[in-house]
Amino acid sequence: MDATSTAVIITEELTRSFGAHIAVNNLTLRIEAGEVFGFLGHNGAGKTTTVRLLNGVLAPTSGSVRVFGLDPTTAGHRIRARTGVLTETPALDSRLTARATLLHFAEVYGVPARDRRRRVDELLATFELQKRADSKVGGFSKGMRQRLALARTLIHDPDIIFLDEPTSGLDPVAIRDVHQMIEWLTHRGRTVFLCTHNLAEAERLCDRVAVLAQGRVLAIGTTRELGSRLNRGHRISVEVDASDIARAVKLFAATPPVSLAEAVTDRAAVRNGSASIVLHGVSRPDIPQIIQTATEQGIKLYRVQPEEPSLEDVYFALQEL
Ligand SMILES: Nc1ncnc2c1ncn2[C@@H]1O[C@H](COP(=O)(O)OP(=O)(O)OP(=O)(O)O)[C@@H](O)[C@H]1O
Ligand SMILES: [Mg+2]
């Protein structure tokens with residue numbers, strides 16, 4: 001790691017096998033401090049194995065890992081003092097209260113005795129658990145359990161937080177709460193390594209994502225960068241008055257740089273007495289020209305929307321490789 005580097009996680013050709021099965025295959029990553037990094041992949045892609053390798057819970061078969069410049073195989077303890085890991089199915093003792101759970105972990109993670117109560121109170125407040133602080137965890141809803149598990153992950157104020165599918169199985173309200181917590185962490189400059197299957201979640205929260213399949217990274221970058229690799233021409237969808245459809249298709253098809261104007265079925269538009277057209281070969285900067293052309297020709301335009309490839313488009317395109 002060079003002196004000016006702000007990377008907190010660096011892996012080079014990191015590989016881990018279980019017998020003949022290669023769970024993580026030649027993973028080369030560089031994650032900067034303060035980044036929210038999405039780790040996307042199907043079941044068995046190697047996400048959890050990677051989290052374990054990065055925290056020194058598993059040793060690599062080959063390749064190297066540095067977290068805060070330290071090697072997890074020899075300095076796992078020092079790394080784990082500065083990382084928090086929310087595992088896929090966090091085990092909570094249902095006989096303990098929320099407060100007792102956090103106090104216990106504060107002790108385990110070496111929070112000084114004089115600071116423990118204050119730290120636990122802060123976390124109970126942040127995660128909206130004060131009212132149930134002295135109730136047993138056994139009676140908690142799934143969402144409350146997950147908030148408590150997250151609070152527990154943060155007890156020692158870690159610099160890197162690993163979240164392994166933190167929203168799977170939660171209802172929309174609980175998911176929103178977890179997302180708000182991730183945003184709260186990023187505003188406080190923490191680095192977040194987020195394993196997820198949920199593409200919308202990654203798209204919304206992450207600065208960059210890696211798409212993983214069978215232990216290999218298929219692509220790394222921002223959603224926009226990955227989208228541009230799809231090589232699919234940009235498109236804009238427009239909605240015009242149903243009475244203008246034929247004229248509009250002809251007009252747009254003759255408006256450069258539109259390469260194709262295609263009328264498409266859109267039930268929502270039909271219900272509004274309008275019709276949809278997809279314009280190929282154009283992108284956001286062409287929108288003013290499209291609006292002007294339509295207006296000059298008296299075409300009633302109700303909606304113009306650029307169709308940038310979503311992470312979902314990218315994900316499925318990459319999986320087909
Ligand atoms: N301790 C182990 N022993 C043997 N095989 C393992 C072990 N841990 C993981 N594997 C295998 O390695 C591969 C990657 O597993 P991993 O749990 O990292 O995937 P994942 O991306 O986290 O999947 P999921 O989305 O289901 O959690 C899988 O094929 C899994 O069966
Ligand atoms: Mg997993």
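Definitions and limits used
- Within each chain, residues carry numbers counting from 1 in the order of the written sequence.
- Labels follow written order: the first chain is A, the first ligand is 1, and so on.
- With pLDDT at 70 or above as the cut-off, local features in this predicted model cover only qualifying residues; side-chain atom pairs require 80 or more to be listed or tallied, and sums for whole chains, interfaces and linings still use all residues.
- Strands are labelled as partners when DSSP assigns at least two bridges between them.
- Every helix listed is a DSSP run of H or I at least four residues long, and every strand listed is a run of E at least two residues long, numbered separately from the N terminus.
- Fitting a line to C-alpha atoms yields each axis, with helices limited to the stretch in contact; the angle taken between N-to-C directions then spans 0 to 180 degrees.
- Remark: residues whose backbone-derived C-beta atoms lie within 7 Å of one another are considered to be in contact.
- Any residue whose backbone-placed C-beta atom lies within 6 Å of a molecule or strand is treated as near that molecule or strand.
- Gly counts as polar in this scheme, as do all residues outside two lists: the nonpolar Ala, Val, Leu, Ile, Met, Phe, Trp, Tyr, Cys and Pro, and the charged Asp, Glu, Lys and Arg.

Draft legend 1. Spatial organisation of the sheet that holds strand 12 (residues 274-280). If you walk across this open sheet you meet the 4 strands as 11-12-10-13, and the pairing is antiparallel. Because the sheet does not close on itself, it has two edges, and the strands there are strand 11 (260-264) and strand 13 (301-307). Averaged over all pairs of adjacent strands, the angle between their axes in this sheet comes to 20°, without regard to strand direction. Bridging between strand 10 (residues 235-241) and strand 12 involves 7 bridges; their strand directions are antiparallel. Note that in strand 12 the partner of Val-238 across the bridge is Ile-277. Lying on the sheet, helix 11 (residues 287-296) is in contact with strand 10 and strand 13; it crosses strand 13 at an angle near 155°.

Draft legend 2. Examining the sheet that holds strand 7 (residues 191-196) more closely. Taken in spatial order, the 6 strands make up an open sheet running 5-6-7-3-8-9, and their pairing is mixed. Of all the strands in the sheet, just strand 5 (83-86) and strand 9 (216-221) have a single pairing partner and so form its edges. Direction aside, the axes of adjacent strands within the sheet are offset by 15° on average. Across 4 bridges, strand 5 lies against strand 6 (residues 160-164) in parallel orientation.

Draft legend 3. Structural context of the site of ligand 1. Taken together, Phe-18, His-21, Ala-23, Gly-41, Asn-43, Gly-44, Ala-45, Gly-46, Lys-47, Thr-48, Thr-49 and Glu-88 make up the full set of residues near ligand 1. Counting residues per element, the ones that place at least two in the shell around ligand 1 are strand 2 (21-32) and helix 1 (47-54). Among the elements that take part in the shell around ligand 1, helix 1 stands out by supplying 3 residues, more than any other. Across the shell around ligand 1, the residue classes break down as 3 nonpolar, 7 polar and 2 charged.

Draft legend 4. Local environment of the environment of Glu-307. When you line up the elements, Glu-307 lands in strand 13. Separated by 273 residues in sequence, Glu-307 and Gly-34 have C-alpha atoms that sit 30 Å apart.

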